[in-house]
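Here's the letter readout for the chains.
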Amino acid sequence: METIERILNLAVVFTIAGSPLLAQEVSFQANVDRNEISAGEPVKFTLELANASTGKLTTPDWGGLVVVQGPFTSNSFSNMNGRVSRSSTSTWVLTATGPGDFTIGPSTATIGGGSLRTEPIRIHVSKTASGSGSSPQMDQAQKKDPNLFCTITLSKDKAYVGEQVITTYTLFSRYNSLQADDYDLPKISGFWAEEVDLGEANWQPGQRKINGLAYRVAVLKKQVLIPLRSGQLRVEPMTLNYRVNPNFFSSGTPVRIQSNASSLTVLDLPGGKPADFMGAVGDLRMEMDTPPTSVNANEAIDLSIRFSGRANLKLIDAPKLGLPGDFESYDPKIDDKITVNGTGMSGSRTFQYLLIPRHEGSYDVGALTFSYFDPTSGTYKQLRSAPLHFDVKPGAPNAGATVGNVVKSDVTPLANDIRYIRTGDLHLRRTGSFLFGSWPYILGITAPPALLLLLLAWYRKREKRLGDATGLRRRGADKVAKQRLVLAKAALDAGDRAAFNDTLGKALEGYAADKFNLGVAEVNPGMLREKLAGVDGGKAAEQYIALMEAAEMARFSPADSKPRQQTYEEAASLIARIEQHLRA
């Protein structure tokens, strides 16, 4: 049946054409350079229409294959002994991101009142070749959208309670231009989370190839997660909204993507926990500042214990000292010098104790011990200090504690034996001197109401200004534009052409949008000519439009229309001139 239909279609083509050119056999074929590839390898697909004027061709259904390049179109023409022939060829480069059997659907060529149709083509894809740069998370996300996806990866899939795990949120894009709108942070339950300061997210240098496709890569976010309970804990997906290929004339195509979810198997700490275990997990060291061993009764002793290393330092509790009953102690002050970066949490946590011996005597406190869990070896390890010994001599009769380097508010009175006595100038008043009726009294009575009225007037004026969102945006347009111009200048000095053109374009678009209370998509040549008609007789509008178009064209052109330094100076001068005119 299909053969008969093709013959009839060819007959229609020959009848309508009626020329020597189309008297040759008309053909429409699809072929590939190979039918078996590995995941990530390219396959070339070609459509060829011979001996017919170019008709309307339909692009086939790729059946799950991804277009890497194309279409590339070429035409050929020959005349041999009066026999004329011509052909038109379209070529695509395809690939598959994973193994399986794929079918490229038929394509149709409509010529006059007839049509020709190609046969489907099957492609077998074997497992990915080594070094494809993929992972299960990437493969799953790439199948959803091979052009733009985000992954959440964990530094390990199993961890103990209290052990650090690094979470990385990575964006992969094949688009030339991408603008972020907003995002929904993933939900995290059962973890202590610490954010890693990555600064502003930027694209990594070069491109990364995943299953045969090249991507720009940016790390959006990193976290240090510390599981607080055992079981299966889950990091929920992250949702992001972007605009693809925005430009001066279009706000871009909205795209919404969602990352994968990641699960972590959390193991409970082994049994047999030491009595001095306080929840520390990682690799730790302990140092103690040796206090004086000979002191007087009621004299304060400063004792500092410092834990350092790579561990869950912010979750470490103060160790128990096991002091004799004749010693008074206070809750320690905590001094943290902790760094959180892409490798985890590290640094030191210091506990500063204040001890006060109340009676004379010789006291052996013994060594301080502190146990932590080492996830590498899966065992508990104990840290031990040198033994502590104090010789307490009799103090002065009825003497309170001598506290050095301690803020008074850090010490709580015990009954009536610790009191701070005020010394110095007590500002006593001479007998017979009265405050009532004096100048300080009058000022004290009248000043508060006056200040209250001034404050109320200022507050009302401030609320009125803040309520005027349009006015705030217009007044701040110049400031925002200057900030963006500073970024453009930095890119110019660094020789980063792409960043300079992108930032300068945003400065020009953003200033016009803010100044006239418009959306970025509404900033167009017609609007600029209308709003800036009164600035330099309309010359400023034309110069503004020319600068915006030059910045937009420079994003996609390998060369600049004028030196970038000159373009920057013209933009900065033009914005300043417009701002001065509009404020006048």
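Residues numbered from 1 in each chain as written. Predicted model: local features only at pLDDT ≥ 70, side-chain atom pairs only at ≥ 80, totals over all residues. Heavy atoms only, no water.

Asker: I would appreciate a short explanation of the pattern of salt bridges in the present structure.
Answerer: Think of it this way: side chains of opposite charge can pair up when their charged atoms draw near. Applying the stated rule across the entire model yields 13 salt bridges. Here K221 and E195 are joined by a salt bridge, their closest N and O atoms 2.8 Å apart. Taken together, the positions of K221 in strand β17 (residues 213-227) and E195 in strand β15 (residues 191-195) put the pair 26 residues apart, joining distant regions of the chain. For E195, a relative accessible area of 44% puts it in the partly exposed group. (Salt bridge = Lys/Arg side-chain N within 4 Å of Asp/Glu carboxyl O. Helix = DSSP H or I, 4+ residues; strand = E, 2+ residues; numbered from the N terminus. Buried < 20%, exposed > 50% of the residue type's maximum accessible area, 1.4 Å probe, protein only.)

Asker: Even after reading the chapter, I still don't get helix α9 (residues 564-583), so can you show me in this structure?
Answerer: Since the α-helix turns once every 3.6 residues, residues separated by three or four places project in the same direction. Its 20 residues give α9 an end-to-end C-alpha distance of 29 Å, which sits within 8% of 28 Å, the value for a rise of 1.5 Å per residue. Three or more residues of α9 are buried, namely T567, Y568, E570, A571, L574, I575, I578 and E579. The buried residues of α9 occupy one face: seen down the axis, they fall within an arc of 165°. Turned more than 90 degrees away from the buried face of α9, the exposed residues are Q580 and R583. (Expected span 1.5 Å × (residues − 1). Arc of directions from axis to C-beta.)

Asker: Whenever I open this one, helix α5 (residues 477-494) confuses me. Can you help?
Answerer: Given a rise of 1.5 Å per residue, 18 residues ought to cover 26 Å, and the 26 Å separating the end C-alpha atoms of α5 matches this to within 8%. Where α5 is concerned, the buried positions are A477, D478, A481, L485, A488, A491 and L492. Considered in projection along α5, the buried side chains sweep an arc of 130° and stay on one side of the axis. Looking at α5, the residues exposed on the side facing more than 90 degrees away from the buried face are K479, V486, L487, D493 and A494.

Asker: Help me out: how do you make sense of the confidence of the model for the chain in this one?
Answerer: The predicted coordinates of low-pLDDT regions are not to be read in fine detail. Per-residue confidence for the chain gives a mean pLDDT of 80, with 83% of residues at or over 70. The model gives residues 7-23 a pLDDT under 50, and that stretch makes 22 contacts with residues more than four places away or in other chains. For residues 402-411, every residue scores under 50 in pLDDT, and the model assigns this stretch 17 contacts once sequence neighbours within four places are set aside. (pLDDT = per-residue confidence, 0-100. Contact = heavy atoms within 4.5 Å.)

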